[in-house]
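Structure at a glance
The residues making up each chain are set out below.
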There are 2 protein chains.
Amino acid sequence: MKLYNYFRSSASFRVRIALELKGLPYEYVPVHLVKGEHQQAGYAAVSPAMLVPSLETDAGEHLGQSMAIIEYLDETHPEPALLPPDPLARARVRALAQLIACEIHPLNNLRVLKYLVRALKVDEAAKTAWYRHWVREGLEAFERELAQLPAGRFCFGDTPTLADCCLVPQIFNGRRFDVSFDGLPRTMAAFDACMALPAFQRAQPSSCPDNEA
Amino acid sequence: MKLYNYFRSSASFRVRIALELKGLPYEYVPVHLVKGEHQQAGYAAVSPAMLVPSLETDAGEHLGQSMAIIEYLDETHPEPALLPPDPLARARVRALAQLIACEIHPLNNLRVLKYLVRALKVDEAAKTAWYRHWVREGLEAFERELAQLPAGRFCFGDTPTLADCCLVPQIFNGRRFDVSFDGLPRTMAAFDACMALPAFQRAQPSSCPDNEA
């Protein structure tokens, strides 16, 4: 498999975590978002939507959207499972993942920040305030959801799931903008449990071949 | 089952479609977003994240996040299926759904528009431009993805899927802001095929008990 992705892309990071948790080898194909490489005509063959990540399967199929890719990996390589077997539990894990992927991350990705600055003439301070507002508000909602669930080492239970694949990159993103993580005990405990695992460490931006930090 | 939702909420509409497609009866519990009913303390017991929709199962469990709810319904009430059986096909359907639910809709929901106006002092014209920009750009990406798939009556194949549950509310939202749908033949053909079905008609905002139009 090949993963077209970018070291700092949160959605790319989610898929890298899933690949590492499952021990699946893959070719890392860097796509430099800041240089606009995803917007070049040739990339349409990899991702018609012109987005990262895109997974190229061994059969040459291209798959987009990080949560869809992770569920595909889970269905085709079931061990270790990234979703629990019970439908109610699966719904809880998916809802946690979507609370990040649908409520937080879309508001602070690169093209949105660019629009704020270029089209809406938002200044640096207001851009940062926007970023922190959505991350903080979203993580507070995430924490309240976790607080309703039985205690576990990770977001849901004692093994990493799709929810952890989404949480960890969001915390990395929040750190870049100095978001406060105070008062989020369950969330940050899950993050710490994840980052103690080599799979999460290997997937992180600083471990990527295109890392610029 | 009970569905806590709002007639004009796009994410609520997605779940209503799924319930109607599966012929599942449910109690409609209106939550008036514009009046802020989802932000009142009592609602935390229904949705810790303070969001609609929330599905209350017959066992009294509350489930959030529309795509997670729809997959739960699909796993617990498999007929008619809203996801195909093959992992690659499932990934395609989920990616289409997420292209709307993660790339378009989060940018034009009510709380984001409010932030633009209140915190960023964006005027009405710039707010509308923002809305149209993300819907149009997102639907163009959606169209390019559809164009890579075999022809079918709906977004994926000849029966409605999770992707159609997400597409239809997004088109309704776009219409409210006069977004142009020119040059989106596959997308709009799928929308028209959906709206010819009674299930989609029954789920639409104008059919809801809390409809104000």
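Since we're looking at a predicted model, the values are computed, not measured. (Residues numbered from 1 in each chain as written. Chains lettered and ligands numbered in written order. Predicted model: local features only at pLDDT ≥ 70, side-chain atom pairs only at ≥ 80, totals over all residues.)

**Describing the interface of chain A and chain B**
A common way to state how big an interface is: give the accessible area lost once the parts meet. Every contact between the two is made by 36 residues of chain A and, on the other side, 36 residues of chain B. At the level of secondary structure, the elements contributing two or more residues to the side of chain A that touches chain B comprise strand 4 (62-64), helix 2 (66-76), helix 3 (87-101) and helix 5 (124-147) of chain A. (Contact = placed C-beta atoms within 7 Å. Helix = DSSP H or I, 4+ residues; strand = E, 2+ residues; numbered from the N terminus.)

**Things to note about the domain arrangement of chain A**
Residue and element names in this part refer to chain A. Here the domain parsing of chain A yields domain 1 (2-80 + 201-207) and domain 2 (87-197). The C-alpha-based centres of domain 1 and domain 2 are spaced at 20 Å. Every contact between the two is made by 12 residues of domain 1 and, on the other side, 15 residues of domain 2. Elements that contribute at least two residues to the side of domain 1 that touches domain 2 include exactly helix 1 (10-21) and helix 2. For the side of domain 1 that touches domain 2, the element with the most residues is helix 1, which contributes six residues. Residues that form the side of domain 1 that touches domain 2 fall into these classes: nine nonpolar, two polar and one charged. (Domains from an automatic or database assignment. Nonpolar A, V, L, I, M, F, W, Y, C, P; charged D, E, K, R; others polar.)

**Remarks on the relation of the copies chain A and chain B**
When chain A is brought onto chain B, the operation consists of a screw motion whose angular component is 180° and whose axial shift is 0.0 Å, with 0.0 Å RMSD remaining. On this basis, the relationship between the two copies can be described by a two-fold rotation axis. Using C-alpha coordinates, one finds that chain A approaches the rotation axis most closely at A:Cys102, a distance of 2.4 Å. When the interface residues of chain A are mapped onto chain B, 100% of them are again interface residues, pointing to one common binding face. (Least-squares fit on C-alpha atoms with pLDDT ≥ 70 in both.)

**Observations regarding the nonpolar core**
A:Leu162 and B:Leu162 are the most contacted members of the largest nonpolar core, which totals 130 residues. Those residues in contact with A:Leu162 that lie beyond four places of it in its chain are A:Met67, A:Ile70, A:Leu82, A:Leu83, A:Val93, A:Arg94 and A:Ala97. (Core = buried A, V, L, I, M, F, W, Y, C linked by C-beta atoms within 7 Å. Buried ≥ 20, exposed ≤ 12 C-beta atoms within 10 Å, placed from the backbone.)

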